[in-house]
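Chain residues, written in single-letter form:
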Amino acid sequence: MDDVKKDGAVPAAAKSIDPAALEMLAHADECGIETAFSRADHMKPCPIGESGACCRICSMGPCRLVGKDAEEKTGICGADMATIAARHFARQVAGGVAAHSDHGRDMAMTLRAVATGEAAGYKIKDEQKLNAVAGYMGIATAGREVDEIALDVADKALEQFGQPHGEIVYTKRATPKRQARWRELGITPRAIDREVTEVMHRTHEGVDLDAENILRSALRCSLADGWGGAMLSTDISDILFGTPSPLSSEVNLGVLKSDQVNVVVHGHEPTLSAMLVEASRDPELIAEAKAAGAEGINLAGICCTSNEILMRYGIPAAGNFLHQELAVLTGAVEAMVVDVQCIMQALGPLAQRFHTQLITTSPKAKIPGAVHVEFDEHRALQTAAKIVRMAIANYPNRGPIHIPDFHEPLIAGFSHEYLNYMQGGFHRGSFRPLNDAVIAGRVRGLAAVVGCNNVRVTQDEGIVEMIKRFIAEDVMVVVTGCAATAGAKAGYLSPEILDSAGPGLREVMEAIGIPPVLHLGSCVDNSRILTVLTQVATEGGLGEDIDDLPAVGLCPEWMCEKAIAIGTYFAASGAHVIFGVSSPVKASSEATRLMTEGWEQLVGGDLEFIPDWDRMFARALELIDAKRAALKLPDYDPAQFGDSGDSPFFAAIKSYLAEQAAEQERGLETVGAAVYPLAEGHSHGHGDGHAHDHGDAPDREGA
Ligand code: BF8
Ligand code: SF4
């Protein structure tokens, strides 16, 4: 943000590193239309609220502690800066946990409806995952019907929200050391709703007034997300829609089609978007689209619902959070279908300036200017078909369109299960090759680059900078959420990117057969990262727990409360976490100290805020190398590994993609196909009902 002009406006070129976004922002200017990017020029963040120095918990305030001696001041009730900042932070955690976990609850309700035969259109697509989840929950599987097991799993999942006694069952999936530490500190989460409620209670006026204690409750609450709501969400989505395995697709606004009915799904839950996948492939509806003058129906996604259907069906991603308005601005979107979270109210008035129908679908989320078509899992397919028909009927209303011609190929669809499989085969899954590579120093460490876009920083810049620098330094990267989309738009999720990886990382990724940047899914799928890190920690040779690992979590462009909840549960699970943008507790040196040194002592992980990309990256490497030193691993030395050249494996992917590009030139649809060399022999279905065992031709159906 060094580029802010005197009038507060950010120069156009500094708004995004994505050429598609810049083209659309210029187009918006020509049309005289505002976007979040231009509104941010006229709306500076309030420095008091931004730094955590504003308390509006009761109506004697709002109390704002400002000035040089702000940290010596108190609010009217006597609350000091540390309490005020910690209280606000804890409420952000609770907000994020509530959002993710309510999503998880909806998934459990859908699973229950499927198990009882009330949700036509859905089915259990991954029985293996169902059995694994039943195992974690202590539910018997031997000799039982799938629906019986699924009903018990759904009920057990729902119990996690409000059980009166005990601990959240998935906390048992953490290392024994971690579980013991949580118990000792009294931060093992008990029930999801209870932890959210308790934070809201403690941070009510006049309850918990000790910043350390407030932040401890935030740790506990966040764990109810990471090892509760989010993890349940991921698992149940895998059960219902299939555990992801690699497939190819495309990303950016150029995936919208000038001659097709474009339906864009935006939001978070896969229940609706997965049904829209089915509807958009329905021959009857495709015929109706053709009758309306279109060549077909094109489904694309924004935000995390996009990640859900990208990971399992290869549906292309139109973009991340800051692309939502830009998609409508193309004039080519017949329907934008939204459910919950990260949906800007601005879409309402914006859609009205185009022919785009904005369709809200959740009873929890309505928007002025939108049409509401309520979705419920009992009539899912009919609702999806109705929505697609609305889009088709809208196609003739199109005005001029402007679709920027930017679309990048990408590989997505990595899951914990798939990584296990790649490293040990289907029956002897393992993380041994990766652990050995880290121990030897071929792979310097692991980094998760996750989270949002935020209009206060150049779109995608921090995310892409971190990914680029990490892989060049032989750090393996996993990505989720809008960060994954950012990385993909910049080309970092394409196999070509192996050429940008350091020599050690390159050699190992070729040997294991995975790219250096792995798309693990949506934001609830950050729980996959917890599972991966736990397995790396228990595999042997890298300590015993997550806080022993040379690993960091980064959220360069965080925007919402969910990101804060995620950062906090990673810290509570032992990871060092660095966020960008600005610190919501900056005003309090005490709260800042508690969340860094304080949490490191308590849980081995911490949460820092470093807005500068160079400093963020330097700090991340420092943390990785310090863990390597503590484990007495050899120093990382890039010179000791040579160029390995292309493995036959990657050569196969490259020729596959080249072939796809050629087919695309010939006008054939190729996105959404299984990445064959990667998926070969892997027996998980893609959730689209087409398992592709052993060496079939790539699955082109539905593409
Ligand atoms: O849950 S990364 S902007 S879309 S909050 Fe929202 Fe942030 Fe995107 Fe996904 Ni996650
Ligand atoms: Fe002010 Fe205390 Fe009320 Fe907060 S709770 S607004 S600090 S009086």
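Residues numbered from 1 in each chain as written. Chains lettered and ligands numbered in written order. Predicted model: local features only at pLDDT ≥ 70, side-chain atom pairs only at ≥ 80, totals over all residues. Heavy atoms only, no water.

Undergrad: I'm lost on the overall build of the protein chain in this one. Help?
TA: Looking only at helices and strands, the protein chain has 26 helices and 16 strands in total. Per-residue burial over the protein chain gives 63% buried out of 703 residues. The long-range share in the protein chain, meaning contacts at least 24 apart out of those at least 6 apart in sequence, stands at 76%. Accessible surface, the protein chain: about 24500 Å² in total, of which carbon and sulfur atoms supply 52%. (Helix = DSSP H or I, 4+ residues; strand = E, 2+ residues; numbered from the N terminus. Buried < 20%, exposed > 50% of the residue type's maximum accessible area, 1.4 Å probe, protein only. Contact = heavy atoms within 4.5 Å. Areas by Shrake-Rupley, 256 points an atom, 1.4 Å probe, with all protein chains shown as cover.)

Undergrad: Which parts of the structure should I look at to understand empty space enclosed by the protein?
TA: One simple way to see leftover space: roll a probe sized like a water molecule over the atoms. The final tally for this structure, using the stated rule, is 6 cavities of 30 Å³ or more. Approximately 170 Å³ is the volume attributed to the largest cavity. What lines the largest cavity is a set of 18 residues, and nearest its centre among them are Leu446, Ala447, Val478, Ile529 and Leu533. Contributing elements (two or more residues each) for the lining of the largest cavity: strand 11 (445-449), strand 12 (475-480), strand 13 (517-521), helix 21 (526-539) and strand 14 (551-555). Looking at the second largest cavity, its volume works out to about 120 Å³. Around the second largest cavity, the lining is made up of 17 residues, and of these Gly451, Cys452, Cys523, Cys560 and Lys562 lie nearest the centre. A total of 3 residues in the lining of the second largest cavity trace back to one element, the largest contributor, which is helix 22 (residues 561-572). Here the residues of the lining of the second largest cavity sort into 13 nonpolar, 3 polar and 1 charged. (1 Å grid on protein atoms, 1.4 Å probe; cavity = no way out; pocket = protein on both sides within 12 Å on 5 of 7 lines; lining within 4 Å. Points joined across faces, edges and corners; volume = space filled by probe spheres on them. Nonpolar A, V, L, I, M, F, W, Y, C, P; charged D, E, K, R; others polar.)

Undergrad: Looking at this model, I keep getting lost on the environment of Glu622. Mind explaining?
TA: Turning to its location among the elements, Glu622 is positioned in helix 24 (residues 613-630). Along the chain, Glu622 and Pro550 lie 72 residues apart, while their C-alpha atoms are 9.8 Å from each other. Reaching out from Glu622, the side chain makes a polar contact with the side chain of Arg619 at a distance of 3.0 Å. (Polar contact = N/O pair within 3.5 Å; in protein donor to acceptor, adjacent residues only side chain to side chain.)

Undergrad: Is there a simple way to explain the environment of Glu195 in this structure?
TA: Along the chain, Glu195 turns up in helix 8 (residues 192-202). Here the alpha-carbon distance between Glu195 and Ala218, two residues 23 residues apart in the chain, equals 8.6 Å. Those residues within four positions of Glu195 in sequence are excluded, and the remaining contacts are Thr188, Pro189, Arg190, Arg220, Cys221 and Ala224. In this structure the side chain of Glu195 is engaged in a polar contact, spanning 2.7 Å, whose partner is the backbone nitrogen of Arg190.

Undergrad: Quick question: what am I supposed to make of the nonpolar core here?
TA: If you look at the biggest cluster of nonpolar residues, it comprises 187 residues, and the most contacted ones within it are Phe89, Phe470 and Trp599. Among the elements that take part in this core, helix 9 (residues 211-241) stands out by supplying 16 residues, more than any other. Residues contacting Trp599, with those up to four places away along its chain left out, are Phe89, Leu215, Leu219, Thr568, Ala571, Leu594, Gly604, Gly605, Asp606 and Leu607. Counting 35 residues, the second largest nonpolar core, distinct from the first, contains Met24, Val255, Leu322 and Cys482. (Core = buried A, V, L, I, M, F, W, Y, C linked by side-chain atoms within 4.5 Å.)

Undergrad: How should I be thinking about the sheet that holds strand 15 (residues 576-579) in this particular structure?
TA: In sheet architecture, strand pairing relies on hydrogen bonds along the backbone and comes in two forms, parallel and antiparallel. Within the open sheet, the 6 strands sit side by side as 13-12-11-14-15-16. Their pairing is parallel. Looking at which strands have only one partner, the edges of the open sheet turn out to be strand 13 and strand 16 (606-609). Taken over all neighbouring pairs, the strand axes of this sheet differ in orientation by 25° on average, direction set aside. Direction of pairing for strand 11 relative to strand 12: parallel, over a ladder of 5 bridges. Bridging from a neighbouring strand, Leu446 pairs with Met476 of strand 12. The strands that helix 18 (residues 461-472) touches are strand 11, strand 12, strand 13 and strand 14; relative to strand 12, the one it contacts most, it runs at about 150°. (Pairing = 2+ DSSP bridges. Axes fitted to C-alpha atoms, helices over the stretch in contact; angles between N-to-C directions.)

Undergrad: What is the right way to read the site of ligand 2 from this model?
TA: Within the structure, ligand 2 sits among Cys55, Ile57, Cys58, Met60, Gly61, Cys63, Gly75, Ile76, Cys77 and Arg87. In terms of residue class, the shell around ligand 2 is built from 7 nonpolar, 2 polar and 1 charged. (Near = heavy atom within 4 Å.)

Undergrad: Help me understand the pairing of strand 12 in this model?
TA: Walk down a regular strand and you will see the side chains alternate between the two sheet faces. Counting buried positions along strand 12 gives 6 out of 6 residues, so the element sits mostly inside the fold. In this structure, strand 12 lies alongside strand 13, joined through 4 bridges in parallel fashion. Residue pairing across strands places Val477 opposite Val517, the latter belonging to strand 13.

Undergrad: Is there a simple way to think about the site of ligand 1 in this case?
TA: In the vicinity of ligand 1, the contacting residues are His268, Cys303, Cys304, Phe321, Cys342, Gly451, Cys452, Cys482, Cys523, Met559, Cys560 and Lys562. Between ligand 1 and His268 there is a distance of 2.6 Å, counted from an oxygen atom to a side-chain nitrogen or oxygen. Take Lys562: an N or O atom from its side chain is 3.0 Å from an oxygen atom of ligand 1. For the shell around ligand 1, a count of residues per class yields 9 nonpolar, 2 polar and 1 charged.

Undergrad: Would you explain helix 10 (residues 270-280) in this entry?
TA: For an α-helix the count is 3.6 residues per turn, leaving residues at separations of three or four pointing the same way. In terms of burial, helix 10 is a largely internal element, 10 of the 11 residues being buried. Listed as buried for helix 10 are Pro270, Thr271, Leu272, Ser273, Ala274, Met275, Leu276, Val277, Ala279 and Ser280.

Undergrad: Explain the environment of Leu299 to me, please; I cannot follow it from the model alone.
TA: Relative to the helices and strands, Leu299 is located in strand 5 (residues 297-302). It is 9.4 Å that separates the C-alpha atoms of Leu299 and Ser273, two residues lying 26 residues apart in sequence. The residues contacting Leu299, other than those within four sequence positions of it, are Val263, Val265, Ser273, Leu276, Val277, Ser280, Ile309, Ile315 and Pro316.

Undergrad: In this structure, what is going on with the coordination of the nickel atom of ligand 1? I would like to understand it.
TA: Expected angles at a metal are 109.5 degrees for tetrahedral coordination by four donors and either 90 or 180 degrees for octahedral coordination by six donors. Coordination of the nickel atom of ligand 1 by the protein involves just one donor, Cys523 (SG), at a distance of 2.2 Å. Taken together, the 4 donor atoms coordinating the nickel atom of ligand 1 and their angles of 91 to 159° define a geometry best described as irregular. Residue placement: Cys523 occurs in the loop between strand 13 and helix 21. (Donors = N, O, S within 2.8 Å, 3.2 Å for Na, K, Ca; no water. Tetrahedral: all angles 85-135°; square planar, octahedral: opposite > 155°, others 65-115°.)

Undergrad: Can you walk me through unusual backbone geometry in this structure?
TA: Trans peptide bonds make up the majority, and among non-glycine residues the majority have a negative phi. Cis geometry is found at the peptide bond from Gly61 to Pro62, where omega equals 0°. Along the chain, Pro62 falls in the loop between strand 1 (54-55) and strand 2 (63-64). With phi around 105°, Asn252 is a residue other than glycine that occupies positive phi space. The residue Asn252 is located in the loop between strand 3 (247-251) and strand 4 (261-266) in this model. When its relative accessible area of 3% is taken as the criterion, Asn252 is described as buried. Although it is not a glycine, Asp460 sits at a positive phi angle of roughly 75°. Counting through the fold element by element, Asp460 comes out in the loop between strand 11 and helix 18.

Undergrad: I would appreciate a short explanation of the side chain of His416 in the present structure.
TA: Structurally, the position occupied by His416 is in helix 16 (residues 416-424). Beyond its immediate stretch of four places on either side in the chain, His416 contacts Phe431, Arg528, Thr531, Val532 and Gln535.

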